[in-house]
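# Commentary on secondary and tertiary structure
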Amino acid sequence: MPDAVRQARLSQLDQIPDRDPEETAEWRASLDAVAKAAGPHRAAYLMRQTLESAGDGIALPSLLETPYINTIPTSAEPEYPGDEAMEARITAWNRWNAAAMVTRGSRQSLGGHIATFASAAWLYETGFQHFFRGKEGDGSGDQLYLQGHASPGIYARAFLEGRLTEGHLDRFRQEANGDGLPSYPHPRRLPWLWEFPTVSMGLGPLSAIYQARFNRYLEHRGIKDTSASRVWAFLGDGEMDEPESTAALALAGREGLDNLTFVINCNLQRLDGPVRPNFKIVQELESQFRAAGWNVVKALWGRAWDEVLAQDTDGALLQRLGEIPDAQFQTYATRDAAYVRDHFFGADPALRTIGTRLTDAKLLELFHTSRAGHEQRKVYAAYRAAVDHKGGPTVILAQTVKGYTLGAGFESRNANHQMKKLTGAQFRTMRDLLELPIPDSALDADLVPYWHPGENSPEVRYLRERRAALGGPAPARKVVAKPLPLPGDKVYAPLAKGSGGQEIATTMAFVRLVKDLMRDKETGKRWVPIVPDEARTFGMESLFPSAGLYSPKGQTYDPVDRDQLLYYKEAKDGQILNEGITEAGSLADFTAAATSYATHGEPMIPFYIFYSMFGWQRTGDQFWALADQLGRGFIIGATAGKTTMTGEGLQHADGHSHLIASTNPAAISYDPAFAYEVGVIVREGLRRMYGPGSADEDSDIFYYLTVYNEPKVQPAMPPGVEEGILKGLYRFQEAAPAAEDTPRLQLLASGTAIHWALDAQRMLAEEWGVAADVWSAPSWTELRREALECDAARLRGEERVPYVTRALAGAPGPVVAVSDWMRAVPDQIAPWVEQDWTSVGTDGFGLSDTRAAARRYFGVDPQSVVVQALAALARRGDVKPETVKEAAERYGL
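Residues numbered from 1 in each chain as written. Predicted model: local features only at pLDDT ≥ 70, side-chain atom pairs only at ≥ 80, totals over all residues. Heavy atoms only, no water.

## Structural notes on the overall build of the chain
Spelled out, the test is: Helix and strand definitions here come from DSSP, where helices need a minimum of 4 consecutive H or I residues and strands a minimum of 2 consecutive E residues; each element is numbered from the N-terminal end. Exposure categories follow from relative accessible area, calculated using a 1.4 Å probe and restricted to protein chains: below 20% of the type maximum is buried, above 50% is exposed, and the middle band is partly exposed. Residues count as neighbours in contact if any of their non-hydrogen atoms are within 4.5 Å of one another. With residues, only the protein chains shown are counted as cover, and all accessible areas are computed by Shrake-Rupley using a 1.4 Å probe. The charged-residue count follows a simple rule in which Lys and Arg add positive charge and Asp and Glu add negative charge, with His and chain termini not counted at all. Note that the charge is assigned to NZ on lysines, CZ on arginines, CG on aspartates and CD on glutamates.
The helix and strand inventory of the chain stands at 35 helices and 20 strands. For the C-alpha atoms alone, the extent of the chain along its principal axes is close to 110 × 80 × 55 Å. Taken over 893 residues, the chain has a buried fraction of 57%. For the chain, the proportion of contacts with a sequence separation of at least 24, taken over those separated by at least 6, is 77%. In the form shown here, the chain has an accessible surface area of approximately 36,300 Å², with 51% of it arising from carbon and sulfur atoms. Averaging the coordinates of the 94 positive side-chain charges in the chain and doing the same for the 115 negative ones gives two points 2 Å apart.

Rendered as structure tokens:
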């Protein structure tokens, strides 16, 4: 480069004094000379060699992108420890049975995916034979996040092991009778096999990172030694477009999670076509992961490429491999040798020279089949490098052909994700390619057969021996945790006693309760507080000094508030997971903690507290995955409701999270009005999820509580209300005694709306001569669910009356339901209320204003409730219609 040009170019290095400009000039001149004499490829090669050498002891930023070749040369591959021929036969059987299972299932039009496992078979088999640890021994083993679309291959392997039968395989995607196989990894549907639900793309990689991180958390807190556990996440290159897939890469790199390995199947295809048609997904992913601090291992080309790459003395082949876009590589995998010779090797004289030395058969091998992801030695070398790497996580970018071994009609075809069956001719071709001993006569029937080499065959014995050496079957889910001892009544007594004259919000009541529960000698250490960066908002700063915030590095700085009582204390054994501004990351944390009872045999009690608006709405898909994974714990929607969060505006006001939560069958939802209700609900949640429970109860649930930031005097718990709290409805305050002809009605309210109902009760009595009973409705959703169960029971001939109907039976007058939620939330119970029904709520967008103004705007303040109550009575003829108009005018409505 001319000096004038070089001087005109600004560089970051210009900020650093050059102590020897003459030496610098010599280096530059040498590089210019090489580029001029030997070409830019040679100059680039020398620079990369220099930078790689500098990595040993010289602090330099790492390269974000390396050439489009394998990270591990063939000469550096470790010795393969297994019987390659035996493992090839095992893999062939699994390929066959996976394809047969999906093809047979196509008779029922149930679908299924063939091409994904076909491309990734060796990625899984190498792991199962040599790396993936089972749960026998320490009970944890490795955690396997398996690609959902590859599930037929995992079922095929379980069939070969004897864990599944032909009957199971024939009930793939047929679950209604309770004994079928779920389409994808669904722990709730097949809880002895699957541990992690992964097919909702993007959630697998996010969850895997936080699982690896939670493993370290357990170890650092002295709860369990998880140092031998490794998290493996198998992903598709197309899946990496999901924002959740890469959302936590920096966390894994920052915290040095060398117990984590991503294996990305780079078959260069997403569901409808190439992942990066005009670009290169492998290079893009390499840059992303390297920038986030990951160790990157590229396993791209099979051994057939070794002799060809050895001929690339001037870098032309390397240059060509790096410039070909993904869609063109896909085309090469389907075209003849003449096309490849002309299009790939004809682009450069040096390449043409290499190309003329290659036979047609060699060209087809190179571009049709020779991918590192299809060779067990290449895969083993990559896995070995990942396991041996220390100081950070590893991602393996393994190149494959989608639909590999399924024949020309499948391999690298854009439509292969939608192709659900093979023809008889295709199965014959596949059999011959895999060299399986299946006679033609077995393929003449209408249904292609499953094939098993026999219980005592060398293949099955080898497979079982390998799994025994690695700690038993995998994947596998086992629940060995015993019930936890439950805290006594003493810890709940302060909430039951009430706050006297002090005003406290239910948010603070919950935090105080958990703080006391964390002091429990038996279970206190098992609480896992999780906060997305607003612990102070929720009054949790009092936990900072006592519980500490978890950091794998401890506290390497002097906190600015160290001289204060409630200073910001980080510790390696800290209990609080303060995740920063990431609801997705916080819920991934929660999921890892909520399923620790199964993953590690160590029950943990997570509570995840967040602005209620930013929980279900933002991460609803993760809540479904949590339910699928049978997670247990407490979800807390704080500053709940639409009108308690003053001044925050349209996007911050939650009037619907309970409606979303009601759609999740595993979520037990409550909207407690008083502190004592919080105590009763938490005590019951601990008993049901972590205690001995009872035979007819489902423990695989989680609780959603909404709490408010509105300080109120908390009353003492009335006697005998526990059952009503848990079922979702009880009479809190009866109307004062009144004359027999006094108009009467029932006011039902949840959460902070109970206070509007109480004010309305007083106003109705004092100003309008109306007697109203006030009921607390801690759970509209649980009332509805119990009522639906009763309806179903009646269809079976049982006589069951819903609790809500029984509770309100005989209560005089109409019912008016009041809440800080949209009306659809209390309207859930309307079909089972025999009285005339009216609801008021906060439908529509939120807005910024005072609480009083917002409540008047939505028509839920006490005055509005009074008018609605009078209107309900007027419709029955209990008050005159003019009374409604008079009240509205008096209150300025």
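After presenting the structure, the write-up continues.
## Digging into the nonpolar core
Filter applied, for reference: Working definition of a nonpolar core: buried Ala, Val, Leu, Ile, Met, Phe, Trp, Tyr and Cys residues. They are joined through side-chain atoms within 4.5 Å.
Grouped together as the largest cluster of nonpolar side chains are 87 residues, with contacts concentrated most on Phe634 and Leu747. When sequence neighbours within four positions are dropped, the list of residues in contact with Phe634 reads Trp527, Phe590, Ile605, Pro606, Phe607, Tyr608, Val682, Gly685, Leu686, Met689, Tyr703 and Leu705. The next biggest cluster of nonpolar side chains, apart from the first, holds 68 residues, and it includes Ala150, Phe427, Leu436 and Leu463.

## Points about the packing of helix H24 (residues 583-594) against helix H26 (residues 616-628)
Put simply, the rule is: Convention adopted: a line fitted to C-alpha atoms gives each axis, helices being fitted over their contacting stretch, and angles between N-to-C directions are expressed from 0 to 180 degrees. Comment on the angle field: the value is read as roughly parallel under 35 degrees, roughly antiparallel over 145, roughly perpendicular from 65 to 115, and oblique elsewhere.
Following both chains from N to C, one finds H24 and H26 inclined at 10°, their axes separated by 10 Å at the closest point. When the axis of H24 is compared with that of H26, the two are roughly parallel. On the side of H24, the interface is formed by Glu583, Ala584, Leu587, Ala588, Phe590, Thr591 and Ala594, while H26 contributes Arg618, Thr619, Gln622, Phe623 and Leu626.

## Notes on the side chain of Gln761
Its place among the elements puts Gln761 in helix H30 (residues 753-768). If we ignore the near neighbours within four places in the chain, the residues touching Gln761 are Gln733, Glu734, Ala735, Leu747, Ala772, Asp773 and Val774.

## What to know about the pattern of salt bridges
Going by this rule: In what follows, salt bridge is the name for a side-chain nitrogen of Lys or Arg lying within 4 Å of a carboxyl oxygen of Asp or Glu.
Under the defined criterion, the tally for this structure stands at 53 salt bridges. For Arg341, the salt bridge is made with Asp360, and the minimal N-O distance between the two is 2.5 Å. Taken together, the positions of Arg341 in helix H15 (residues 337-343) and Asp360 in helix H17 (residues 360-369) put the pair 19 residues apart, joining distant regions of the chain. For Arg341, a relative accessible area of 26% gives the class partly exposed. Counted as one network, the salt bridges with shared partners bring together Glu125, Arg157, Glu161 and Arg163.

## Quick look at the confidence of the model for the chain
Using the following cut-off: Confidence of the prediction at every residue is given by pLDDT, a number between 0 and 100.
Here the chain shows a mean pLDDT of 92. Residues at 70 or above account for 97%. Long-range and interchain partners of residues 4-8, a stretch whose pLDDT sits below 50, account for three contacts in this model, where long-range means more than four residues apart.

## Describing the packing of helix H5 (residues 115-130) against helix H20 (residues 458-469)
Packed helices, taken two at a time, are described by the angle between their axes plus the distance between the axes. Let me state the cut-off plainly: Charged means Asp, Glu, Lys or Arg here, nonpolar means Ala, Val, Leu, Ile, Met, Phe, Trp, Tyr, Cys or Pro, and polar covers whatever is left, Gly included.
Two numbers describe how H5 lies on H20: the axes approach to 7 Å, and their chain directions differ by 65°. Between H5, through Gly127, Phe128, Gln129 and His130, and H20, the contact on the second element is made entirely by Tyr462, Leu463, Arg466 and Arg467. Looking at the contact of H5 with H20, its residues break down into three nonpolar, three polar and two charged.

## A look at the pairing of strand S13 (residues 667-670)
Selection rule: Strands were regarded as paired on the criterion that DSSP finds at least two bridges between them. The definition of a right-handed crossover adopted here requires that, viewed with the strands pointing away, the path from the first strand over the helix to the second runs clockwise.
Taking every second residue as pointing to the same face, both faces of S13 are buried, with Ala667 and Ser669 on one and Ile668 and Tyr670 on the other. Relative to strand S14 (residues 702-706), S13 runs parallel, the two sharing four bridges. Bridge pairing in S14 links Ile668 to Tyr703. Following the backbone out of S13, through helix H28 (residues 675-690) and into the adjacent parallel S14, one traces a crossover that is right-handed.

## Describing the sheet that holds strand S10 (residues 577-578)
Pairing is parallel across the open sheet formed by six strands, whose spatial order is S10-S7-S11-S12-S14-S13. Pairing within the sheet leaves two strands with one partner each, and these edge strands are S10 and S13. When strand S7 (residues 527-531) meets strand S11 (residues 605-611), the two strands line up parallel, connected through four bridges. In the strand pairing of S11, Ile530 is matched with Tyr608. Packed on one face of the sheet, H28 meets S7, S11, strand S12 (634-638), S13 and S14 and runs near 170° to S14.

## Quick word on the packing of aromatic side chains
Put simply, the rule reads: In summary, the pairing rule links any two rings of Phe, Tyr or Trp, Trp by its six-membered ring, whose centres are within 6.5 Å, and it sorts them by plane angle into stacked for under 30 degrees, edge-to-face for over 60 and tilted for everything else. We call a charge positioned above a ring when the Lys NZ or Arg CZ atom is no farther than 6 Å from the ring centre and deviates by at most 35 degrees from the ring normal.
According to the stated counting rule, one finds 50 aromatic pairs in the structure shown. Judged by centre distance (5.8 Å) and plane angle (45°), the ring pair of Phe634 and Tyr703 falls under tilted. With Phe634 in strand S12 and Tyr703 in strand S14, this residue pair connects regions lying 69 residues apart in the sequence. For the pair Phe634 and Tyr703, one class covers both residues: buried. Look at Trp768 and Tyr891: their rings are 6.5 Å apart centre to centre, the planes differ by 80°, and that puts the pair in the edge-to-face class. You can see Trp768 sitting in helix H30 and its partner Tyr891 sitting in the segment after helix H35 (881-890), a full 123 residues away along the chain. Trp768 gets classed as buried once you look at its relative accessible area, which sits at 15%. Taken together, Tyr80, Phe117, Tyr124, Phe128, Phe131, Phe132, Trp232, Phe234, Tyr380 and Tyr383 form an aromatic cluster joined through their ring pairs. Seen from the ring of Tyr339, Arg335 lies directly overhead, with NZ or CZ sitting 4.1 Å from the centre.

## Re the sheet that holds strand S4 (residues 295-299)
Spatially, five strands are ordered S1-S2-S3-S5-S4 in an open sheet, and the strand pairing comes out parallel. In the strand order of this sheet, the two ends are held by strand S1 (143-145) and S4, each with one partner. Shown here is a sheet whose adjacent strand axes are inclined to one another by a mean of 15°, direction ignored. Of the strand pairs in this sheet, S1 and strand S2 (residues 231-236) are connected by three bridges, and their pairing is parallel.

## Digging into the environment of Pro719
With respect to the helices and strands, the residue Pro719 is situated in the loop between strand S15 (712-713) and helix H29 (722-727). On the basis of relative accessible area, Pro719 is assigned to the exposed category, the value being 78%. Residues Pro719 and Pro205, 514 residues apart in the sequence, show an inter-C-alpha distance of 49 Å.

## Structural notes on the environment of Val840
Along the chain, Val840 turns up in strand S20 (residues 837-840). Taking the relative accessible area as the measure of exposure, Val840 reaches 3% and is therefore buried. The spacing of Val840 and Glu84 is 756 residues in sequence and 70 Å in space, taken between C-alpha atoms. Among all residues touching Val840, those that are not within four sequence positions of it are Ala817, Val818, Ser819, Arg823, Gly859, Val860, Val865 and Gln868.

## A closer look at a negative patch on the surface
We count it as follows: Any residue with relative accessible area above 30% and no salt bridge may belong to a patch, with like charges joined within 9 Å and the nonpolar Val, Leu, Ile, Met, Phe, Trp and Tyr side chains within 5 Å.
Where like charges cluster on the molecular surface, the negative patch consists of Asp18, Asp20, Glu22, Glu23 and Glu26. Tracing the chain through its elements places Glu23 in helix H2 (residues 21-38).

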